[in-house]
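Residue strings, one per chain:
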Amino acid sequence: MTARSHYKSSPPGDVSKLKVAVLAGGSSREREVSIQSGKCVADALKKANVSVVVSDIKPDSLEILCDESIDVFFIALHGAFGEDGQLQKILESKGLIFTGSRSKASKLAFDKWQSKDLFLSAGVPTPEAILFEPNANAADLERRICKLGSKYVVKPLREGSTIGITIADNPAGAIADAKKCAAEFGDCFIEKFITGREFTVSVLGNIALPILEVRPRAGIYDYHAKYIDNGTQYLFDTIDNPALPSKMQKYAVDCFDVLGCRGAARVDFILDDSGTPYALEINTIPGMTKHSLLPKAAAKAGMSMSRLCLKMIEMAIADSPARHHSNNANSVAGGGR
């Protein structure tokens, strides 16, 4: 069954009495994007006649979690605390229903290095890389970097939205960038630069949505290209090889499954010139802004933004041990699955 036919045949249940708290903002470097995501989610749910409150939640401001009138917590927090399993662990400890992956999967996915190991264990290609060790012998480190190739990407282990990522043209530059990255963001790694085209595959439940190619105007899909530049192109149906789309979608679901994700996630790929898709990372709280990729892929599959948000809520309810928390929530789960 295609994503389009699957989700068009699964209408939402009665949500008129459901109350949802959209958790947005936070204190990470992705705060502004999170605020945008939260607003877009809240607007979409209001269009579906859902009672919505938006809460700017932070580690020292968790009062909304004590509001017993809330049926479901919709997590729209990006970056540290909201995406790395910390908030999820708190919600689990309180027996609350929340969207997205559980704490263990969230923590694993937020760590790009651990994710890469798990991708490989699932048979999914990912670019070769080495962990940066600031106190390592310089000559030995340079030799190891040379084995990766001639161009490199330096990445923090635990950041999102391409924050802290740099590209280096030689080993010395990669080491210099890694030192700066480690000083600002903590642990980092140096990855082989793969020349190719950028694609992303969103996964909703265990269904891969249509593949989206991203073509930034400046050539690099960085924070500016993601959230500010209206010149970034988002294109569907751009792969000529008929066998590749299903392969890339399978890889996305494999990444989703091997980390133990649930709800919605997004897997980013580089497709090299030989036709090999390399998984770069998985995002367990994908952006939900007007520029974001998950809503675009869902729309291609025939889902409105409202329907996408409702589906994420339904999946959270159906998979939650706290289903008894609200009879209203149960009715939605039953009506939408």
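Thresholds applied
- Position labels on residues start from 1 in each chain and follow its written sequence.
- Totals for whole chains, interfaces and linings use every residue, but because this is a predicted model, local features are given only for residues with pLDDT of at least 70 and side-chain atom pairs only at 80 or more, for both listing and counting.
- With hydrogens and water stripped out, all remaining heavy atoms of the structure feed into the side-chain values.
- Here, a strand pair is defined by DSSP locating no fewer than two bridges between the strands.
- Here a helix means four or more residues in a row that DSSP labels H or I, a strand means two or more in a row labelled E, and each is numbered from the N terminus.
- To define axes, lines are fitted to C-alpha atoms, for helices over the stretch in contact only, and angles between the resulting N-to-C directions are given on a 0 to 180 degree scale.
- Whether two residues touch is decided by their heavy atoms; if any such pair falls within 4.5 Å, the residues are in contact.
- Note on terminology: a nonpolar core comprises buried Ala, Val, Leu, Ile, Met, Phe, Trp, Tyr and Cys residues joined through side-chain atoms within 4.5 Å.
- Per-residue accessibility, obtained with a 1.4 Å probe over protein chains only, is compared with the maximum for each type, and a residue is labelled buried under 20%, exposed over 50%, and partly exposed between these values.
- The definition of a polar contact used here is a pair of N or O atoms within 3.5 Å, where within protein one atom must be able to donate a hydrogen and the other to accept one, and adjacent residues in sequence count solely through side-chain atom pairs.

**Student:** So, the sheet that holds strand β1 (residues 19-24): which residues are in play, and what are the values?
**Tutor:** On the basis of which strands lie adjacent, the open sheet formed by three strands has the order β2-β1-β3 and parallel pairing. Lying at the two open borders of the sheet, with one neighbouring strand each, are β2 (51-56) and β3 (72-75). When the angles between neighbouring strand axes are averaged without regard to direction, this sheet yields 25°. In the sheet, β1 pairs with β2 via six bridges, with the strands oriented parallel. Its bridge partner being in β2, leucine 23 is matched across the sheet by serine 55.

**Student:** Please provide a residue-by-residue account of the sheet that holds strand β7 (residues 188-192), values included.
**Tutor:** One open sheet holds the four strands; their spatial order is β4-β7-β5-β6, and the pairing between them is antiparallel. With one partner strand each, in any of the chains shown, β4 (129-131) and β6 (166-168) form the two edges of the open sheet. The average undirected angle you get between the axes of adjacent strands in this sheet is 25°. In this sheet, β7 lies alongside β4 in antiparallel orientation, the contact comprising three bridges. Bridge pairing in β7 links alanine 129 to glutamate 191. Packed on one face of the sheet, helix α6 (residues 138-146) meets β4, β5 (152-156) and β7 and runs near 155° to β4.

**Student:** Describe the nonpolar core, with residues and values.
**Tutor:** Counting 32 residues, the largest nonpolar core has Val20, Val22, Leu45, Phe74 and Met312 as the members making the most contacts within it. Considering each element in turn, this core owes the most residues, eight residues, to helix α11 (residues 305-318). Excluding anything up to four places from it in sequence, leucine 45 contacts Val20, Val22, Val50, Val52, Cys309, Leu310 and Ile313. Counting 25 residues, the second-largest nonpolar core is a separate cluster that includes Val124, Tyr251, Cys255 and Phe269.

**Student:** Any chance you could break down the pairing of strand β8 (residues 196-204) for me, citing the residues and the numbers?
**Tutor:** If a strand is regular, its side chains alternate between the two faces of the sheet. Here β8 pairs with strand β12 (residues 264-272) via nine bridges, running antiparallel. In the sheet register, leucine 204 faces β12, and the bridge partner there is alanine 264. With three bridges connecting them, β8 and strand β10 (residues 212-215) associate as antiparallel partners. Looking across to β10, one finds that phenylalanine 199 is bridged to glutamate 213. Taking the residues that link successive antiparallel strands as the turn, the β8-strand β9 (residues 207-208) hairpin has two residues, and the phi of glycine 205 there is positive, at about 70°.

**Student:** Describe the pairing of β5, naming the residues involved and giving the relevant values.
**Tutor:** Counting buried residues in β5 gives five out of five residues, a clear majority hidden from the surface. The side-chain alternation of β5 yields two buried faces, one formed by Tyr152, Val154 and Pro156 and the other by Val153 and Lys155. By the bridge criterion, five bridges tie β5 to β7 in an arrangement that is antiparallel. Across the sheet, residue tyrosine 152 finds its bridge partner in β7, namely lysine 192.

**Student:** Please provide a residue-by-residue account of the environment of serine 101, values included.
**Tutor:** Along the polypeptide, serine 101 turns up in the loop between α3 (86-93) and α4 (103-110). Serine 101 gets classed as buried once you look at its relative accessible area, which sits at 1%. Beyond its immediate chain neighbours, meaning those up to four positions away, serine 101 contacts Gln88, Ser106, Cys261, Arg262 and Thr284. Within the local environment of serine 101, its side chain forms a polar contact with the backbone nitrogen of arginine 262, the two atoms lying 3.1 Å apart.

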